[in-house]
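Spelled out from the first residue to the last, the chains are:
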Amino acid sequence: MVRFINLTLAGITSGAVFAAVALALVLIWRATRVVNFAQGAMLMITTFIAWSVIDAGGSYWLALGAALASGLVLGAVVERVVVRPVENKPHLNAVIVTLGLFVVLQAAAGMIWGDTPHSYPPAFTIRGLSVAGTWLLLSPFDLFVIGAVAAVMVALTLLFVRTDLGLKLRAAAFAPEIARLQGVRVGRMLTLGWALAALVGSLAGVLVAPSVFVGPTQFDAMLVFGFTAAVIGGLDSPAGAVVGGLLLGCALSYVSGYVSSDLVTMGALAALITVLMVRPNGLFAASGGRRV
Amino acid sequence: MTAAVLAAAASACGGDGGDGDGSSAPGVTATTVTIGSHQPLTGPAAPGYSANSAASKAFFDYVNANGGVHGRKIVYKYVDDAYNPTQTVGVVQKLVLQDKVFAIVNGLGTPTHSKVVDYLNAQRVPDLFVASGCSCWDQPKKHPQTFGFQTDYIREGKILGDHVKKAFAGKRIAYFYQNDDFGQDGVKGLDKYIPKDQVVTRQSYQPGNTDIGAQVQAIAQAKADVVVMFSINTYTALFRLAALKLNFKPTLVVSGVGSDPITLTGLLESFAKKGGSAVEGNPLIQGIITAGYLASPGDTSNGWTQLYKKIHARYIPKLPFNGNIVYGMSVAYTFVQALQAAGPNPTRAGLVAALGKSKFTGPGLVPFAFGTGSHAGYTGAQMGTIKGQAIVPLGQPLTTDAADGPITPYTTPQPPAPANGIPPAP
Amino acid sequence: MSIDSRALFRLTLVRHTCGAVAAIAVLYVLTTTAGPYRDLQIAQAAYLTCAVAGLTVLTGLGGQISLGHGAFMAVGAYTAALLIIHQGWPLAAVLAAATGATALTGAVVGAVAARLEGPYLAGATLAFAIGLPGLANYEPLIDLLGGQNGLAVPPPVPPAGLGAAFPLERWQAWIACLGAVLTLFLLANLTRGRFGRTLRAGRDDEIAAALAGLRVARLRIVATVVSAACAGLAGGLLALVATLAAPGAFPLALSLQLIAAIIIGGLGSLAGAVWGALILVFVPTWASDAASTSGLSHNIASNLPLAIYGLVLIAVTLAFPRGLQGGLRDLGGALRRRLPPPRLPTNPPGGADEATTDDAGARPDDRGGAGGRGERVRR
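Remember, predicted model here, so these are calculated numbers, not experimental data.

Novice: An account of the environment of C:Ala23 is needed here, citing residue identities and associated values.
Specialist: Residue and element names in this part refer to chain C. Mapped onto the secondary structure, Ala23 falls in helix α1 (residues 3-33). Judged by relative accessible area, which is 28%, Ala23 ranks as partly exposed. Measuring from C-alpha to C-alpha, the distance between Ala23 and Asn149 comes to 37 Å, with 126 residues separating the pair along the chain.

What follows is the structure, given as structure tokens:
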């Protein structure tokens, strides 16, 4: 029982981070219909920037601020400079551009910061909590991770549902022509969508950094599992991203704990296929499956 | 038979024909000797291991600046294979066929190098000091051109296992190992000494998957007193963090591959600062028991470490000075010894023959197996404990074989580093 | 089928046969004059061509994206490796078995994937690409598949008739090139025929195709099987050329490179597949040579080839939105318009694909003309 609880707790913590990456992918997908393969590399860069702040003597929170700010800027710049030119081209072209960007960012990080992974501090202690003499795989820092992702989720929901800006963002993404007729500056909204997504991604990077270390290739798995989580949840649904992330986190934890740690990636495949067989457009798809 | 075909193919390629007469060996000119290597400069194995080749290069640059070997400068071409065996095959064939290197030196990795070892032997290219502790490089009959370097994982497992058996009799022991030849061979060695019924759980991890919570929890739940780890540095650090989370405080016995105090300190730096400051070395790694066959990078009183630090400061000051730097420079030192032994007109056959007869001493704490009909590298290790940034020796260096032979102390002390840093001429 | 179209088909077949024979002649000259290392690179480009060509049919013509073709190659490579090591089968049989086994895998994957589209298909195939190679490390299979180290394959032996001194690399290049030419020839004929037409119909308008009586799901499965078979052959050839099968040889990066190659070459174009494969082989080598002679510091020199490779991906995609083949065609079109008298549009060299000629060839200045092709992919 203790084992089950611990595996679940570990799954929820890693799932929260998958959810944040998935959320970033969903935001970009909703805004520009692009799967951003550079997301993992972008959050790697912003986490390196945060690490540099800490290395120079800055506090945890200053570094977090630097990561978020640089995420915002990086997202906007990427959209303007490399994604905008392919936005009206075949959509696979955008995928290849983001793949190329992924490679370039990884190489750039290696050039600037080297290949040796670095330590990144947690916001709070990573010593687990103990209940009735049993130590749990859950630390105050893990609670912070879960809380931060939940807060982002709530903030985004409020932004999209309650604010004028959110309405414009949604309009630009789903009905650009009508939005344009209504005076919404669609291009600007798309840039903002990318910036917001990169912001969420950069938060995910800082949250996961203490447990994977900071290096050019250390965040590769985040993209793969984040994407898997987004697909499980449904790429059009931010709520789906969060649920998908948590489900995937728990599934991987159980596979690792009960079956074999060698089969974790197979576990991800199995979880994904199971969900897609029942719901071909993810758990939170707006419409039913395709009729063929 | 395939080897014969390959050899025939090789001779047809030309460029290789000067091997026998000794006048024009491939890769050797009047002023240079060109050697090659495949290294993971990018990709999954780059963290940590990409520094090895930079260190070797720095040492060669140092030797070249001091006159080279027999008047020839060493040109070291190391090429990225991203730890992908297909790319290894491509870059090694390029080095051999197009760049016409004299030898392949310190090609890194078992899954990678095992795919070119037949090719190199068929082409009669010296394949020296493979950067992997697989015992498979020691097959002088099948692979006469191939020589190991580091202590193989079975030998290291035996020495660690012997220590655990003696020091922790009756204790509950757990294994935590990387699920590839590194961990599997290490466990083979451990099992030769540690009684089976003392091992309460065996957990493995897959490199690339950083979530090892499930494994560490299983070990904690089995109430292990001692955890023997065949893990790389990153996973030693991850294990330490997961154990911290579970308030699990076993004694750690870690393979020399994953116990570099400087690398571990770097990885765990942020987690130790919380406790206090001004502690020398990281409190999280103090007391880890390990085995080593080279000087520890944190042991600043050792002449070899001092030499390497000097070269590091001059040529590659931006890279962290850790176990990988010591390793890369020690390999380079040993290659310089081999090249000296091959004489003023080196040939591929001459280099291999010289190495087969060699009795090199140098940065190692134990001798090489070369010269005894074996092509294995270092034959043992010395147990030690991490204290501060250094590894404090426990007892004498030990040597053994990769089979069921005994473990015996090695009493010859490590020779001092030469004053000018260049191996004395034989 | 009217008499005219039958005649046209026969003409196409003749043209493709001529193309194949010409390609073989050119490759013969190339492989016999190049050195052993160039032969090896030609062999690499040839097996990658098989995989890229298969993928471009699936994605370009069928509209189904796959990020899992590296895993199909792994199936082919392991099949070939196991048969060579344990059964000692002759080459042709080994390659046929590798192709067949992968086609079977493709049938299973295709059945699952037929219901999926766009990013969901991308996600499922991506999970396939990272999941499958992990099987080699699974405890019960380690003895068979060699675990993380994988399998070393004895190199193919050139037939005695070629002489004892025949270079191995040339023999490997011949095998791989023959495989590539055969693949391109078969795919060219297949995509020119009814299969290609129905495939495109299903891609462009699924509902209309279904109304016209096409069974779109089954069509997609068949396309996946064909495409997987090509990747399986590519994997089998890789096992012979690189003489190995190992999990590390089939990382996610390989699958992503294959997708990049079809876009860079020109989506749906078999000639473009060749361009894409050439870029995959030669750009990293050149970049690596440039970096090693640059005298830059360790961190920069180590990562320079990667940076160049990424920049090439971005630059080519931005500069040639319809791929290199599309770019060449645009250039050809522009030249033709300047040269009176106007002629009928001719087919490009390698003449593999009509998919791009139907819109691109006719409207060379419509840079976004291939948009419809991506449509099904983007859902």
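Structure shown, so let's carry the discussion forward.
Novice: Pulling in residues and values, what's your account of the interface of chain C and chain A?
Specialist: Chain C puts 54 residues into the contact, and the matching count from chain A is 47 residues. Interface area for chain C against chain A, summed over the two sides, is near 4600 Å², with a carbon-plus-sulfur share of 74%. The interface formed by chain C and chain A includes 0 salt bridges. If you look at where chain C meets chain A, you find 5 residue pairs in polar contact (both at pLDDT 80 or more). The biggest single contributor to the side of chain C that touches chain A is helix α13 (residues 298-319) of chain C, with 13 residues. Looking at the side of chain C that touches chain A residue by residue, the classes come out as 36 nonpolar, 11 polar and 7 charged.

Novice: Explain the pairing of strand β6 (residues 173-178) of chain B residue by residue, including any values.
Specialist: All names here are of chain B. Most of β6 sits inside the fold, with 6 of its 6 residues counted as buried. Side chains Ile173, Tyr175 and Tyr177 project from β6 onto one buried face, and the interleaved Ala174, Phe176 and Gln178 project onto a second face that is buried too. Across 6 bridges, the pairing between β6 and strand β7 (residues 199-205) is parallel. Across the sheet, residue Phe176 finds its bridge partner in β7, namely Gln203. You can see the chain leave β6, run along helix α7 (residues 181-191) and come back into β7, and the turn it takes is right-handed.

Novice: Any chance you could break down the domain arrangement of chain B for me, citing the residues and the numbers?
Specialist: Residues and elements named next belong to chain B. Taken domain by domain, chain B holds domain 1 (2-151 + 299-379) and domain 2 (154-259). Between the C-alpha centres of domain 1 and domain 2 there is a distance of 31 Å. With 8 residues of domain 1 at the interface, the matching set in domain 2 holds 7 residues. Summing both sides of the interface, domain 1 and domain 2 together bury roughly 640 Å²; the carbon and sulfur share of this comes to 46%. The three residues of domain 1 that bury the most area against domain 2 are Tyr49, Thr151 and Thr379, which together make up 47% of that side's buried surface. Where domain 1 meets domain 2, there are 2 residue pairs in polar contact (both at pLDDT 80 or more). Here the residues of the side of domain 1 that touches domain 2 sort into 4 nonpolar, 4 polar and no charged.

Novice: Give me the state of the cysteines: which residues, what numbers.
Specialist: One pass over the structure, following the stated rule, counts 1 disulfide over all chains. The side chain of B:Cys134 participates in a disulfide bridge whose partner is B:Cys136; the two sulfur atoms lie 2.1 Å from each other. A torsion of 135° about the S-S bond marks the disulfide between B:Cys134 and B:Cys136 as right-handed. Assessed through its relative accessible area of 10%, B:Cys134 is described here as buried. Residue classification places B:Cys136 among the partly exposed residues on the basis of a relative accessible area of 24%. The cysteine C:Cys50 is free of any disulfide, with C:Cys230 supplying the nearest cysteine sulfur at 7.1 Å.

Novice: Give me the nonpolar core: which residues, what numbers.
Specialist: Ranked by internal contacts, the top residues of the largest apolar core, which has 278 residues, are A:Tyr120, B:Phe239 and C:Met73. Built from parts of two domains, this core gets at least three residues from each of domain 1 (2-151 + 299-379) and domain 2 (154-259) of chain B. Excluding residues within four positions of it along the chain, B:Phe239 makes contact with B:Phe176, B:Ile212, B:Val216, B:Ile219, B:Val227, B:Met229, B:Phe248 and B:Leu252. In terms of nonpolar packing, the next biggest core, distinct from the first, is built from 57 residues, B:Phe149, B:Leu294, B:Ala295 and B:Ala332 among them.

The rules behind the values
- The residue numbering used here restarts from 1 in each chain and proceeds along that chain's sequence as written.
- Whichever chain is written first is A, and whichever ligand is written first is 1; the rest continue in order.
- Restriction of local features to residues with pLDDT of at least 70 applies here, the model being predicted, together with a cutoff of 80 or more for giving and counting side-chain atom pairs; totals for whole chains, interfaces and linings are based on all residues.
- With hydrogens and water set aside, each side-chain value is computed from the structure's full complement of heavy atoms.
- Each helix is a run of H or I in the DSSP string that is no shorter than four residues. Each strand is a run of E no shorter than two, and both are numbered from the N terminus.
- Residue exposure (1.4 Å probe, protein chains only): buried if accessible area is under 20% of the type maximum, exposed if over 50%, otherwise partly exposed.
- Any pair of residues with heavy atoms lying within 4.5 Å of one another is described as a contacting pair.
- Two parts placed together each lose some accessible area under a 1.4 Å probe, and the buried area is that loss summed for both.
- Here, a salt bridge means any side-chain nitrogen of Lys or Arg that lies within 4 Å of a carboxyl oxygen of Asp or Glu.
- Definition of a polar contact: a pair of N or O atoms within 3.5 Å, with one able to donate and the other able to accept a hydrogen when the atoms are protein atoms, and with sequence-neighbouring residues admitted only if both atoms are side-chain atoms.
- Here the nonpolar group is Ala, Val, Leu, Ile, Met, Phe, Trp, Tyr, Cys and Pro; Asp, Glu, Lys and Arg are the charged ones; every other residue, Gly included, is treated as polar.
- Pairs of strands are assigned from DSSP output, requiring at least two bridges between the strands.
- If the strands point away from the viewer and the path from the first strand over the helix to the second runs clockwise, then the crossover is right-handed.
- The source of the domain bounds is an automatic or database domain assignment.
- Only a pair of cysteine sulfur atoms within 2.5 Å qualifies as a disulfide here.
- As used here, the term nonpolar core means buried Ala, Val, Leu, Ile, Met, Phe, Trp, Tyr and Cys residues forming a set that is joined through side-chain atoms within 4.5 Å.

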